[in-house]
Amino acid sequence: MFDRNGNDNSNYNQMIVEEIRKSSEKVADLVNREYLRQKNNVELIASENYCSEAVMAACGSCLSWKYAEGYPQAPITRTSGNKGRYYGGTIIVDELEEYCCDLWRKVFKTDYHVNVQPHSGSQANFAAYKAILEPGDTILGLNLDNGGHLTHGSAVNFSGKLYDMHFYDVDDNGRIDMEDVKKKAEELRPKLILTGASAYSRIIDFPAFAEIAKSVDAYFMVDMAHIAGLVAAGEHPTPFGYADIVTTTTHKTLRGPRGGMIFARPELAKKVDSAVFPYAQGGPLCHIIAGKAVCAEEALRPEFKTYQHQVRLNCAALADEFTKMGYKVVTGGTDNHVFLLDLSDHEFTGKDLQAACDEVGITLNKNCVPNEKRSPMQTSGVRIGTAPMTTRGYLEDDFRKVAHRIDEVVKKLDAEKAAEAKA
Ligand SMILES: Cc1ncc(COP(=O)(O)O)c(C=O)c1O
């Protein structure tokens, strides 16, 4: 793992590169170049993180060779009834999957059913919808321009094509407008009310959502992909006990392998399992399930709590520094690991800033802001997250310095646009 200065205290990646080189010079060189890019850059992508070498090793293990369509025998699937594999030789991967499920229930202190097979967050959402909805059913979710994910109803995604999507908005301060949620829920009487986001910096009020869902007899689902690490560490209120279904990715704040998971009230277990396999996927990725189990063990350690707390402190310090320099931070600050800078009063776009930051070794991404006037390919904002660099040991002062480096890039872009306008 790299430290704050880009020193790597392990030779894991170099070992991997040399193994790859035995079959492909080209791929080895590409992996090595990406390794160096990540090592030397300040990574501020809110959906990324650096997982441990133990997670990486589990994902690169012999488990990658094993097919195991289906589900383990009891005990974990006792609530679902979907038991048994379609392949032999699964005794060990059965034990692994059961172990992984048990660990995740411990991490989130829940007795919900858990399915650790989804290959990604999008696959998890696809299966979660399938478990409780029919095509054409109405979903009420967060407006995509205001932080919702592609799988929450984008017109180009399966969610927008298969379901009748409607959206609630944020208020003038950029916070989820619970009055709007209530009003639209009463008007539409959706089958599902969905919350969770890819770019929302404030605490989401799960009890209030659950109450609204109950009042209109809707299912309530939380996609906690971004905040799952904070939830696990008690740094964000939990959706368990309020939501009927909870989906997540494992590679963002949770700091695990790339993948997804679904948690559900026990009465939905069978439907969820059938929606993952055989409906949405074939064989589970046993190696990734091993990585998810290692990640869960790490998440149960005290250091994980300390880490998540620091992620939040760092994010607050970074947002605060931008505010002090006169920038518009959407919602005026952050309660979690992410925030949006609203640059709509500048002549350059979010895309321009993303590219200019890339040139000086800072990785962040363009993002729409509330009431966005530009296209999603241009945008008027950028999204900034503190999870990866906190893994590398950055503290508040390090992030304050990052704010000033980004400010220098912004000033340069402003000057270039001013010169262009004069010319
Ligand atoms: C809220 C949310 N849900 C789901 C996903 C999808 O995850 P994946 O990229 O693993 O499909 C993302 C990804 O960024 C996300 O932010």
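So, how was this worked out
- Residues numbered from 1 in each chain as written.
- Predicted model: local features only at pLDDT ≥ 70, side-chain atom pairs only at ≥ 80, totals over all residues.
- Heavy atoms only, no water.
- Domains from an automatic or database assignment.
- Buried area = accessible area lost by both parts, 1.4 Å probe.
- Salt bridge = Lys/Arg side-chain N within 4 Å of Asp/Glu carboxyl O.
- Polar contact = N/O pair within 3.5 Å; in protein donor to acceptor, adjacent residues only side chain to side chain.
- Pairing = 2+ DSSP bridges.
- Helix = DSSP H or I, 4+ residues; strand = E, 2+ residues; numbered from the N terminus.
- Contact = heavy atoms within 4.5 Å.

## What about the domain arrangement of the chain?
- Domain parsing of the chain yields domain 1 (62-299) and domain 2 (304-422).
- One C-alpha centre belongs to domain 1, the other to domain 2, and the line joining them spans 29 Å.
- Summing both sides of the interface, domain 1 and domain 2 together bury roughly 2,100 Å²; the carbon and sulfur share of this comes to 53%.
- When the buried area of domain 1 at its contact with domain 2 is split by residue, Ser201, Glu235 and Arg255 rank highest and sum to 28% of it.
- The tally of links from domain 1 across to domain 2 stands at two salt bridges.
- Between Arg202 and Asp335 there is a salt bridge; the shortest N-O distance is 2.9 Å.
- Remark: the boundary between domain 1 and domain 2 carries 17 residue pairs in polar contact (both at pLDDT 80 or more).

## Digging into the sheet that holds strand β15 (residues 381-385)
- A sheet is described by the order of its strands in space; here four strands give the open sequence β11-β12-β15-β14, paired in antiparallel fashion. This sheet does not close on itself; its edge strands, each paired only once, are β11 (328-329) and β14 (365-367).
- Where β11 meets strand β12 (residues 338-342), two bridges bridge the pair, whose relative direction is antiparallel. By the bridge assignment, Val329 is partnered in β12 with Leu341.

## Looking at the side chain of Arg255
- Position of Arg255 among the secondary structure elements: in the loop between β9 (245-249) and β10 (260-264).
- Polar contacts involving the side chain of Arg255 include one to the side chain of Thr391, which spans 3.1 Å.
- Apart from residues no more than four positions distant in its own chain, Arg255 is found in contact with Asn49, Tyr50, Cys51, Thr250, Cys295, Phe304, Tyr307 and Thr391.

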